[in-house]
Amino acid sequence: MKDILQLARAHIVTAIRERVTLFWFLIFPVFLLTVLTLIFGQVNQEPTIHFEISLVNEDIASGTDSFSALVESILVQMSMPQPNAETPLFTLHRALHGGSPSFLEAELTALRRGDRAAILVIPEGFHQDILASFAGGGAGLALRLYMSEASITSETAASILEQTLAGINREILVRGGMYDDTESIEAETVWVGQAEDQELPYIDFVLPAIVLMGFFTNGLFGVTGTILFNRDRKVLQRYWVTPVNVPRYLAGFALGHLALCALQFGLLFSLGKFVFGATIGFGDPLTLFLLLLSAVTFMAFGFFISAVSKTANAGMAIANILNMPMMFLSGMFFPIAGLPAFMLAIVYANPVSYLLEGLRRSVGVQAGTLMPAQLTILVPLGWILVSAVVASRKLRWDVER
Amino acid sequence: MKTLRALLTTEIRNFTRDWAMLFFTLLFPLIFILLFGFLMGGMGDIRQASVGLHVDSDAISAEQLTDLVSASGVRAIQMYDDEAQLQTAIADRVVDLGLQWNGERLRAFYDASRLQENFAFQQLAGGIATDFDLARQQAIAPIQVERIHAGDVEIRSWFHLVLPGIMAFSMLSAGLFAVSGHLTQMKERSVLDRLLVTPMRPTALLSAIAAIRLIIVFISTLITLFVGVLVFDMRFEVNWLRYAVFVLCSTFGTMGLGTVIALLVKRPSSAGNVANAIAMVMMFMAGVYFPVEFMPQFLRTISRAMPLTHMADVMRHVTGVLEMSSLRFWLTCLTFAVAGMALFPLLARYVVKPSRR
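As a starting point, this report considers the structure included with it. Numbers given for residues are sequential positions, taken from 1 along each chain in its written order. Written order decides the labels, with chains lettered from A and ligands numbered from 1. Per-residue local features of the predicted model are confined to residues with pLDDT of at least 70, and side-chain atom pairs are confined, for both listing and counting, to 80 or more; whole-chain, interface and lining totals are unaffected and use all residues.

**A short note on the overall build of chain B**
Phase 1: Secondary structure elements follow DSSP: runs of H or I of four or more residues count as helices, runs of E of two or more count as strands, with numbering from the N terminus. Assigned secondary structure in chain B consists of 13 helices and five strands.
Phase 2: Buried positions account for 45% of the 357 residues belonging to chain B.
Phase 3: Pairs at least 24 residues apart make up 79% of the contacts formed inside chain B by residues separated by at least 6 positions. Residues are called buried when their C-beta atom has 20 or more other C-beta atoms within 10 Å, exposed when it has 12 or fewer, and partly exposed otherwise; all C-beta atoms are positioned from the backbone. It is the C-beta atoms, placed from the backbone, that decide contacts: two residues are in contact if theirs lie within 7 Å.

Spelled out as structure tokens, the structure:
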């Protein structure tokens, strides 16, 4: 037992001393969790957004009591510093006297270059046309909202401007007696799959994925790299002249590997919980079992790759080839429901898909989508079995003589 | 000249015989394109969304709501008899979002776990709710808004911007690994030591490596672009002159960055690992997969300092997806070209310097 523990210790110490290992197993998952949470955890939170918007009022001749002036004044008001907010939602760029064609042209160029999020143009005759529409019951002349489909900022700014204009529309209709505010419909949002009926925090969604990604890269690169490089550099050969045999070496290696996974999990969970405020827990027995199953499955997968690779460099190349497709075709970061059949076949063969779904289900952030609950355990077990059989038959523990 | 020709031939042979290098330079970007093309192709596109509806048959305006949902441009509408069925369909992803109308209250149902897509679904449901609210009272919005896309090329999805980003990333990787992978390996295997005892000048070797890399990277970006166009039916307005200038300058510049890495690490074999780590960090920070605009201010500042951010932007520009001033384009190209040229003598010294053991 002592030799197994010493081997486990040696594996952990080597991994921690190796800077590359440290980067991929600890620093990179922490970096990714931080970046993804900072990016997607704040999307749609208006106080963090600030846009550069332009307004071109071609209907300035209609005067200060016109609908054109009303739209302009509301936008100007929104661009002023608000009492409760640090910065206004947007900065408004406008020409002092309406707007010349050259001003619009310059603003359009700025929009295409990403220096403006949107441009709202109030066309000439806008006020008169709205008045005419009241009399005739039809729609008025449309405001032109220039935006860039190439920019998410522009898309968001355009949506916010449309919402603002919908509010102005309602106000105009109420004042004109064409809309009864007391008869307006009651709108409500329901989040399916959430016990508290609230939108799922992004950190709760991404944390199980990053934990799994960490285990996956640990198995894929850590196991393959350690076994094959140690074999090719004849480190393993030195073990075989001691009383250590392959099963004991494997036991020590597996113990060390699982300890590394536990260390990685502890770090990621602490970061998620205490820094980013994750609300999910991993203490449930099923969740703990799935975490263990994940670590063992990916370790076995690492042995599988080691078994089918002739050299360490070939093993690392295979790991590199499989890494991205297996990670992205599991639903870790992007939805996979709409994929074509040939890609869905990879999703269904991929052990990461099952473990991810099982883990997300067990922590309560996802209802069943792809497969029955039993398969989230049975398929990874199948992968462990296949990997073990292949490794026991094909993996060479010493360099060829 | 004869030496250079011989070295060029050797480099071509080396490259074509190394299946791993061939795969990572030519095929790996294609795997990325196919993967992300299918993953991102329909993300957030409401034209591909399906809506589940549960409407009380005796509720006033039920027909109006159904008509409005039909007119919103969604792919499919599925009717449900009760709320439980609707919720199950959403949880099982049979439909993307649900709407329930009982004559007084309009409820929108979303799958809480579809965080990446819910923003688009909420926009869709919000628009339907606003129109429905007005339609029930026979009111017509006096102010109409017409959205006009200001760019020259129609952008169908975020993937239209991702594809040039992936091309930029493959250029960065190829440039970085030309020095930090290929040259350091030659050094470690003492191939350089053997070459240096011949009359060959280090600059001739470097020129041969750089020339072959530039040609292969250029071909690789072309293949990636054409596969994107063919498989995903995308349209790009490529400015071929600028495209060629940019691919050559930026690949040359990233070779310079690879030189810096090779000079800083203790062991030649570590250079590839460091380059790999740097490339991965840049990939997530440079707006290749996620828009830079989504990032908090301090991350945006870091992102702007990364070469890949500028490479992705310029690649989008030369493929006609993003407009950019000529000044910025030429300045970026010049910066990469100068970085490559300035670091070339350092690289030559690195080649002749005995390796640290």
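**Some points on the sheet that holds strand E5 (residues 186-192) of chain A**
Phase 1: Here, a strand pair is defined by DSSP locating no fewer than two bridges between the strands. One open sheet holds the five strands; their spatial order is E5(A)-E4(B)-E3(B)-E1(B)-E2(B), and the pairing between them is mixed. The open sheet has two free edges, formed respectively by E5 of chain A together with strand E2 (76-79) of chain B, since each of these has just one partner strand. On average, each strand axis in the sheet is tilted by 25° relative to the strand beside it, whichever way the strands run.
Phase 2: Lines fitted to C-alpha atoms define the axes here, with helix axes fitted over just the stretch in contact, and angles between the N-to-C directions of these axes take values from 0 to 180 degrees. Contacting strand E1 (50-55), E2 and strand E3 (97-101) of chain B, helix H3 (residues 62-71) of chain B crosses the sheet at an angle of about 180° to E1(B).
Phase 3: Contacting E5 of chain A together with E3 and strand E4 (105-111) of chain B, helix H5 (residues 115-136) of chain B runs over the sheet at an angle of about 170° to E4(B).

**Quick look at the pairing of strand E4 (residues 142-147) of chain A**
Phase 1: Bridge analysis of strand E3 (residues 118-122) of chain A against E4(A) gives four bridges, and the strand direction is antiparallel. Paired with Ala118(A) across the bridge in E4(A) is Met147(A).

**Brief notes about the interface of chain A and chain B**
Interfaces are frequently sized by the accessible area removed from exposure as the parts join.
Phase 1: The interface is formed by 78 residues belonging to chain A together with 69 residues belonging to chain B.
Phase 2: Elements with a minimum of two residues in the side of chain A that touches chain B: helix H2 (19-40), helix H4 (101-112), helix H5 (126-136), E4, helix H6 (152-175), E5, helix H7 (202-232) and helix H11 (312-328) of chain A.
Phase 3: The leading source of residues in the side of chain A that touches chain B is H6(A), at 11 residues.
Phase 4: Ten residues, namely Ala, Val, Leu, Ile, Met, Phe, Trp, Tyr, Cys and Pro, are considered nonpolar, four, namely Asp, Glu, Lys and Arg, are considered charged, and the remaining ones, Gly among them, are considered polar. Taken together, the residues of the side of chain A that touches chain B sort by class into 49 nonpolar, 19 polar and 10 charged.
Phase 5: Where E4(A) lies against strand E5 (residues 144-149) of chain B, six bridges are found, and the strand directions are parallel. Paired with Leu145(A) across the bridge in E5(B) is Arg147(B).

**Some remarks on H6(A)**
Phase 1: Helix span, expected: 1.5 Å multiplied by one less than the number of residues in the helix. The end-to-end C-alpha distance of H6(A), which contains 24 residues, comes to 35 Å, matching closely the 34 Å that a straight helix rising 1.5 Å per residue would cover.
Phase 2: Backbone geometry just after H6(A) places Gly177(A) at a positive phi near 75°.

**Observations concerning the nonpolar core**
Phase 1: Buried Ala, Val, Leu, Ile, Met, Phe, Trp, Tyr and Cys residues form a nonpolar core when they are connected through C-beta atoms within 7 Å. Residues Leu212(A), Leu97(B) and Val162(B) are the most contacted members of the largest nonpolar core, which totals 171 residues.
Phase 2: With near-sequence residues (within four places) excluded, Val162(B) lies in contact with Phe36(B), Met40(B), Val288(B) and Tyr289(B).
Phase 3: Grouped together as the second largest cluster of nonpolar side chains are 29 residues, Phe67(A), Leu161(A), Ala166(A) and Ala141(B) included.

**Describing the packing of H7(A) against H11(A)**
Residues and elements named next belong to chain A.
Phase 1: One can describe the packing of H7 onto H11 by two numbers: an axis separation of 9 Å at closest approach and a directional angle of 170°. Between H7 and H11, the crossing angle belongs to the class labelled roughly antiparallel. Residues Met 213, Phe 216, Leu 220, Phe 221, Thr 224, Gly 225, Leu 228, Phe 229 and Asp 232 of H7 touch H11, and the partners they reach there are Ala 312, Gly 315, Met 316, Ala 319, Leu 322, Asn 323 and Met 327.
Phase 2: Among the residues forming the contact of H7 with H11, the class breakdown is 11 nonpolar, four polar and one charged. The scheme is simple: roughly parallel for angles under 35 degrees, roughly antiparallel for over 145, roughly perpendicular for 65 to 115, oblique for anything else.

**Description of the environment of Leu263(B)**
Residue and element names in this part refer to chain B.
Phase 1: Within the element layout of this structure, Leu 263 appears in helix H9 (residues 240-264).
Phase 2: The partly exposed category is assigned to Leu 263, around which 16 C-beta atoms lie within 10 Å.
Phase 3: Distance in space between the C-alpha atoms of Leu 263 and Ser 61 is 73 Å, their sequence separation being 202 residues.
Phase 4: With near-sequence residues (within four places) excluded, Leu 263 lies in contact with Leu 346 and Tyr 350.

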